[in-house]
Amino acid sequence: MAAVLTTGSPASAADSYDIPLKSWTYLDSQSPKTKFVDADVTPPVGTSRDDAGRTHTYRSYFTYDLTSLKGTVVHSSYVWTNEKTVTDCSAPAAIEVWRTGPVRDTTTWLRPPAEIEKLSTAERGAGAYCPGYLGVDMAAQLNEALARREKSITLEYRVTAGQEADARTGRTFVKPLLSATANHPPTITGLQLKYPDRPCGTLAKPSPAARNTVFAATASDADEGQYTTVRYAIWPVDHPDQRREFYDYYGTDLSEYADGTVLAWQAQASDYDDQGPWSKTCYLVMDRTAPANPPVVSSRTYPEGDSPGGGNGIEGTFRFDGAGDRDVVGFVWRDSMGYSGQLAAKRPGGSAILKYTPKLRFSTDLYVASVDAAGNRGPERDYRFRVAETAPYADVVVNGVGLPSTITFLARKAETTAFGYQLKDGSEVRLPAIDGRATGSITFTATGQVDVAVRSYVKNKLIGQETVQVWVTDAPGVESAEFNFDHDQVAGTVGSFRFTPHSDDVTAYEYNLDGEWKTVTAADDDTAVLSWTATPGWHSMVVRSVRADGSTSMETDYPFNIIDTRPNAYASDLSNWPRRDGVGVPLRVEFQSQLPNLTGFVYRFDGGAEQTVSTGGNPYAYVDVTPTHAGDNTVVVQALLSDGTRSPATTYTFGIWSGPVVTQTPEGSGTVGRPVTFTFHPGLPNVASYRYSLYGADEQTIAAGPDGTASVTYTPTSWGYNDVRVTSVGADGTESELRIEAFSVRDNRVDVYSTYDWSRRGIGWTGYFFFHTQLFGEVTEYHYRVNDGPEQVIPASTDGTSTLVAVPFDRSGTNTLHVRSLTSGGELSPVTDYDFTVGTAPYVVSAQYPDGTWSGGGGVTGTFEFSGGTAGITSFSWQIDDGPSTDVPADSEGKASITWTPTQNYETRTLSVTGHKADGTDTDTTRYSIYVANGA
């Protein structure tokens, strides 16, 4: 759940304002009892002489209307003007700008507006740029004026008092322009608590709140396009110093406050420019105690238990009762399908009525809980009831659009006297139930999925209803006695298709059988018959009906298969890449036919003698042919039938790869260090040479012998998969296609691996290593030694798996296992050096509790012996799990033992042992698993 906020669009900058000049006034020392308002002159300042030689001292006042800024915060403001005329630019003059009191009706030179605050002093003359510019920052003054709720501000322009009488200081100014950028801070209304809705609360009547409470407020911003956020503050009323501020997005955790604590809270809205004022103070009281008991739930329509009530689609009345618990103000409910709701009690501790129609057939659960004013939910009541099967069984046979379809009813309740059915926006049709059955007519007006409401009645009382979803299509019916999905006819068979309407007013049918749309006119009964002579292959005829207005129906897809009178021939190996076929390489060709009474095939390969192959009762047969030349080869095949006749012939022409055929000696996979000879056999006549590449090396050329072959010998130096690539070149320069012949090489070295690699166990432990060879069947022994120790021999595994070798550890640090294999032919492999690290963790052994084995039992004492690990151990420390660590001294051989007795059966414990050396260093730690059995 989230707080409810009113927000605008993404942020925009503060608005710009030109503050209107409400009026302006100047005062003249020569007219001490007069003021001049909005005169059609340039505003004068300072002292100047008139044409008669009299001196006039002037001050000008400008009053600006601030009402457009009401409710805003001014972010920037500037008032500026330019000197229009200056009597003497060389004469020094300090121009002052003041904030004054307002210009009143009584204002005169003798009674000028009070000067309240000097805003600026600008030194002019004595080399200053003249006439010059004069500007003043007004942001602070405007914000202060708005804070005083003033509707206008008056500015005075004058020469400083000490220079004002000097006749050289006279000047005039352009009327000053006052501008500002300002923003309306957002305001807060609509403070409340949500889910359930509760008011803001007062100190005298605070709103109850649960551990998790959703705070809500509406933020309003007078500026368009502003994005607002709301922040909240909360504190215990008797501890304002504990005030904290937060954002409420999905509810706020108040569980830190005790039950009954009264809290004050406020909200404040912000936009991208300003924070608004904090709202009024609201109050809540913590209520952390949910109703103690589940509500009482009852229903006459659907009584609790296994006795079915109500019926399918029948609304029931359920009464939820708070049983007088005045903490209960409402109820929440949910059902087995996930539907849910909330109801208010008529009065605290009272009841509420739910009108509910079960969504499930058979059994339904309503889960109901009482809710207090804070939203705390009490324990749920699971009200389980059964729904009587009262809706009728209804089956609809759809005949199309605009044609009568059939709806059949079967009663599920013996007392049913009538059935009803109704389409959306249509009237209900009633049918009498006779022996619990009824059949009616229903006409659909459109295609697609249609909901049909079906109902059961006892007299005029509705006892059950549900919605049946029917798929309505106007695609025509297609049927054929000869051509159908169940029976394949032979090409040339003559038959027909019958098209039947699934919509009214059909005048023709359009069909697409062989890639072209054609039309057949409908008969008077809106059907049509299409005669057709079968052509071979898989067909999927598409048919649609055409109405008198030219509109067409949905399409029917009618699939069927026609058997070809000619057999099919295919060589799948020709689709391989790299190509494996070639001159002199046997090629398998498959013959297939679905003709009835098939017994075999007769064929000729490349003009040779006719041969026969039996199918053995299958619709196919295989033959192997050996091409004698590259390029096109031909197989001509006919099917043989049981009556002695033959099918028409099929000619299958295929291309044989002209790339040279590659053979090798010895055959099979190669081996590192053993030479292999590749022989290239020509695929084209008159071959003079071969260009070849072995294992991706640079291409080389070798001359062909008199028989057109050539051989190269290669000794692999690495194992893996690679290929031989070869092209033949004829005497006339003709090149063959490229032959890519895969070739694999086995490694002659022994591969060593061990699960010990991660361990830190030290002297005394045994490591287990596995020897693996790619020369299985040839390797009979492994010869190995550890470090500089004696060579040992172990027979190689004969079942294709690795050979396991146990190596006792007798030296810490890096150790090396040297291994080579011996074949039955006496060939020794290169040596494999396998480095492994032996740690310093002590060796631990127990006869009563072997490491990681269920043994012993509660009360059965075990002796644990410590030794090894590394040289120079003087003592050991040990502990069980995270228990206390205990030291035990080592004897002169660096050994020690302890006893430990488990207290219960079927527990797993870890013994940790660390050795300590005389030089103060520690060994690695051994962690020994103790599995305590039952002592039996």
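Some points on the overall build of the protein chain
Summing up its helical and strand segments, the protein chain has one helix and 73 strands in all. Classification of the 936 residues of the protein chain by burial places 45% in the buried group. Contacts in the protein chain between residues at least 24 apart in sequence constitute 66% of all its contacts with a sequence separation of at least 6. For the protein chain, the exposed surface amounts to about 46600 Å²; the carbon and sulfur share of it is 49%.

Looking at empty space enclosed by the protein
Where empty space is left in the structure can be found by rolling a water-sized probe over the atoms. With the rule as written, the count across this model stands at one cavity of 30 Å³ or more. Here the largest cavity defines a volume of roughly 40 Å³. In terms of lining, the largest cavity is formed by Arg674, Asn748, Leu775, Ser821, Thr823, Glu827, Leu828, Ser829 and Pro830. Looking at the lining of the largest cavity, its residues break down into three nonpolar, four polar and two charged.

Points about the environment of Asp526
Checked against the element boundaries, Asp526 lands in the loop between β40 (517-521) and β41 (528-533). Overall, the relative accessible area of 19% leaves Asp526 in the buried class. If we ignore the near neighbours within four places in the chain, the residues touching Asp526 are Pro501, Asp505, Val506 and Tyr509.

Some words on the state of the cysteines
Scanning all chains against the criterion turns up two disulfides. Disulfide partner of Cys89: Cys130, at an S-S distance of 1.9 Å. Between Cys89 and Cys130, the disulfide has an S-S torsion of -70° and is therefore left-handed. Highlighted residues: Cys89 in the loop between β6 (73-86) and β7 (93-100) and Cys130 in the loop between β8 (115-124) and β9 (133-137), separated in sequence by 41 residues. Along the protein chain, the cysteines engaged in disulfide bonds are linked according to the scheme 1-2, 3-4 when indexed in sequence order.

So, the pattern of salt bridges
For the structure shown, the criterion picks out 45 salt bridges. With a closest N to O distance of 3.0 Å, Arg171 and Glu83 form a salt bridge. Linking Arg171 in strand β11 (residues 171-173) with Glu83 in strand β6, this pair joins segments that are 88 residues apart in sequence. Each member of the pair, Arg171 as well as Glu83, carries the same accessibility label: buried. Overlapping salt bridges bring together Arg59, Glu115, Arg158 and Glu164 as one network.

Remarks on the sheet that holds strand β63 (residues 803-808)
Judged by pairing direction, the sheet is antiparallel, and its three strands sit side by side in the order β59-β60-β63 without closing on themselves. Here the strands that pair on one side only, and so sit at the sheet edges, are β59 (751-754) and β63. This sheet shows a mean twist of 30° between the axes of neighbouring strands, independent of strand direction. Bridge count for β59 against strand β60 (residues 766-772) is four bridges, and the pairing is antiparallel. Note on β60: the bridge partner recorded for Asp751 is His772.

Description of a nonpolar patch on the surface
A cluster of nonpolar side chains, Tyr78, Trp80, Tyr133 and Leu177, forms an exposed patch at the surface whose accessible area comes to about 390 Å². Structurally, Trp80 is set in strand β6.

Quick word on the packing of aromatic side chains
For the coordinates displayed, the defined rule picks out 58 aromatic pairs. Their ring planes at 35° and their centres at 5.4 Å tell us that Phe483 and Phe497 sit as a pair that is tilted. Taken as a pair, Phe483 in the loop between β36 (477-479) and β37 (489-490) and Phe497 in strand β38 (residues 494-500) lie far apart in primary sequence, 14 residues in all. The pair formed by Phe483 and Phe497 is uniform in burial state, with each residue classed as buried.

Quick look at the nonpolar core
By size, the foremost hydrophobic cluster in this structure holds 38 residues, and its most contacted members are Phe771, Leu817, Phe864, Phe866, Leu911 and Ile930. If sequence neighbours within four positions are ignored, Ile930 has contacts with Tyr849, Phe864, Ile880, Trp900, Glu907, Thr908, Arg909 and Leu911. Ile19, Val45, Leu134 and Leu155 belong to the second largest nonpolar core, which has 33 residues in total.

Considerations on the sheet that holds strand β19 (residues 252-253)
In space, the four strands of this open sheet follow the order β14-β13-β16-β19, with antiparallel pairing throughout. At either margin of the open sheet sits one strand with a lone partner, and together these are β14 (198-199) and β19.

Some points on the environment of Val636
Looking at the secondary structure, you find Val636 in strand β49 (residues 631-641). Note: C-alpha distance between Val636 and Pro567 (69 residues apart in sequence) is 9.9 Å. With sequence-adjacent residues up to four places away left out, Val636 is seen in contact with Val602, Tyr603, Arg604, Ala649, Thr650 and Thr651.

As for the side chain of Asn312
Inspection of the secondary structure puts Asn312 in the loop between β22 (296-298) and β23 (316-321). Under the relative-accessibility criterion, Asn312 is labelled buried at 6%.

Let's talk about the side chain of Asn376
Structurally, Asn376 can be placed in the loop between β27 (363-371) and β28 (377-386). We classify Asn376 as buried; its relative accessible area is 8%. At 2.5 Å, the side chain of Asn376 forms a polar contact with the backbone oxygen of Asp287. Setting aside residues up to four positions removed in sequence, Asn376 forms contacts with Ala210, Arg211, Asp287, Arg288, Thr289, Ala290, Pro291, Ser370 and Val371.

Points about the pairing of strand β4 (residues 44-49)
Examined bridge by bridge, β4 and β11 share two bridges and lie antiparallel to one another. Pairing of Pro44 across the sheet is with Thr172, part of β11. With four bridges connecting them, β4 and strand β5 (residues 55-65) associate as antiparallel partners. Residue pairing in the sheet places Thr47 in a bridge with Thr57 of β5. From the end of β4 to the start of β5, which pair antiparallel, there are five residues, and Gly53 there has a positive phi angle of about 90°.

Points about helix α1 (residues 139-147)
By the burial criterion, the buried members of α1 are Ala139, Gln141, Leu142, Ala145 and Leu146. Along the axis of α1, the buried residues cluster in a sector spanning 165°; they form a single face. Looking at the buried positions of α1, the neighbouring elements they touch are β6, β8, β9, β10 (152-159) and β12 (177-183). With its phi angle positive at about 60°, Arg149 sits one or two positions after the end of α1.

Let's talk about unusual backbone geometry
Of the consecutive residues Cys130 and Pro131, the connecting peptide bond is found in the cis state with omega at -10°. By the secondary structure assignment, Pro131 is in the loop between β8 and β9. Within the chain, Asp38 stands out as a residue other than glycine whose phi angle is a positive 50°. Position of Asp38 among the secondary structure elements: in the loop between β3 (36-37) and β4.

With respect to the confidence of the model for the protein chain
Averaged over all residues, the pLDDT of the protein chain is 94; the fraction at 70 or higher stands at 98%. Taken as a whole, residues 1-12 scores under 50 in pLDDT and shows 45 contacts with residues more than four places along the chain or in a different chain.

So, the environment of Arg820
Along the chain, Arg820 falls in strand β64 (residues 813-823). For Arg820, a relative accessible area of 26% gives the class partly exposed. Put simply, Arg820 and Thr870 are 50 residues apart on the chain and 30 Å apart in space, counted from C-alpha to C-alpha. Beyond its immediate sequence surroundings of up to four residues, Arg820 is in contact with Val750, Glu781, Tyr782, His783, Glu791, Leu828, Ser829, Pro830 and Val831.

Cut-offs used in this document
Residues numbered from 1 in each chain as written. Predicted model: local features only at pLDDT ≥ 70, side-chain atom pairs only at ≥ 80, totals over all residues. Heavy atoms only, no water. Helix = DSSP H or I, 4+ residues; strand = E, 2+ residues; numbered from the N terminus. Buried < 20%, exposed > 50% of the residue type's maximum accessible area, 1.4 Å probe, protein only. Contact = heavy atoms within 4.5 Å. Areas by Shrake-Rupley, 256 points an atom, 1.4 Å probe, with all protein chains shown as cover. 1 Å grid on protein atoms, 1.4 Å probe; cavity = no way out; pocket = protein on both sides within 12 Å on 5 of 7 lines; lining within 4 Å. Points joined across faces, edges and corners; volume = space filled by probe spheres on them. Nonpolar A, V, L, I, M, F, W, Y, C, P; charged D, E, K, R; others polar. Disulfide = S-S within 2.5 Å. Salt bridge = Lys/Arg side-chain N within 4 Å of Asp/Glu carboxyl O. Pairing = 2+ DSSP bridges. Axes fitted to C-alpha atoms, helices over the stretch in contact; angles between N-to-C directions. Patch = residues over 30% accessible without salt bridge, like charges linked within 9 Å, V, L, I, M, F, W, Y side chains within 5 Å. Phe/Tyr/Trp six-rings, centres within 6.5 Å; stacked < 30°, edge-to-face > 60°. Core = buried A, V, L, I, M, F, W, Y, C linked by side-chain atoms within 4.5 Å. Polar contact = N/O pair within 3.5 Å; in protein donor to acceptor, adjacent residues only side chain to side chain. Arc of directions from axis to C-beta. pLDDT = per-residue confidence, 0-100.

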